[in-house]
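So you can see what is in the structure, the chains are spelled out below.
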Amino acid sequence: MLKTHPRVLVTDWDVIREKIATDPYCAKWFNKLKSSADTYVSKNEYLEYTINSRGNINNIATNFRTKAIILGFVAGVTGERKYADLLYREMKNSVDVWP
């Protein structure tokens, strides 16, 4: 039995690529994700880390998680470094700006 990490979303990118290539629903879904990733890349903006009126950063944490999943997934499927590079810079920014 293959033991995988519980937070690893994909272990075989070829299976995902094949599904996108052969299933119109998956292709449509992936194209929406890629469009979002392309928007992130073209804007090249980092999330702004601030504390809200209740004293927490929950909204920004949710936005970061969404951005990270999209960029990471699209980078894995396409193999294009621009998505992984932006994700890396966003992760680094979160560490550098948050006390």
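Residues numbered from 1 in each chain as written. Predicted model: local features only at pLDDT ≥ 70, side-chain atom pairs only at ≥ 80, totals over all residues. Heavy atoms only, no water.

We now examine the side chain of glutamate 90. The residue glutamate 90 is located in helix 4 (residues 81-97) in this model. At a separation of 2.6 Å, a polar atom in the side chain of glutamate 90 contacts the side chain of lysine 67. The contacts of glutamate 90, once residues within four sequence positions are left out, are Glu45, Tyr46, Leu47, Tyr49, Phe64 and Lys67. (Helix = DSSP H or I, 4+ residues; strand = E, 2+ residues; numbered from the N terminus. Polar contact = N/O pair within 3.5 Å; in protein donor to acceptor, adjacent residues only side chain to side chain. Contact = heavy atoms within 4.5 Å.)

Our next topic: the pattern of salt bridges. For the structure on display, the rule yields 5 salt bridges. Between aspartate 38 and lysine 34 there is a salt bridge whose closest N-O contact spans 3.2 Å. Here aspartate 38 and its partner lysine 34 are both found in helix 2 (residues 24-43), 4 residues apart, which amounts to about one turn of the helix. Residue aspartate 38 is classed as partly exposed on the basis of its relative accessible area, which comes to 26%. Taking the shortest distance from any N to any O, the salt bridge between aspartate 85 and arginine 81 comes out at 2.8 Å. In this pair, aspartate 85 and arginine 81 both sit in helix 4, 4 residues apart, roughly one turn of the helix. Judged by its relative accessible area of 57%, arginine 81 falls in the exposed class. (Salt bridge = Lys/Arg side-chain N within 4 Å of Asp/Glu carboxyl O. Buried < 20%, exposed > 50% of the residue type's maximum accessible area, 1.4 Å probe, protein only.)

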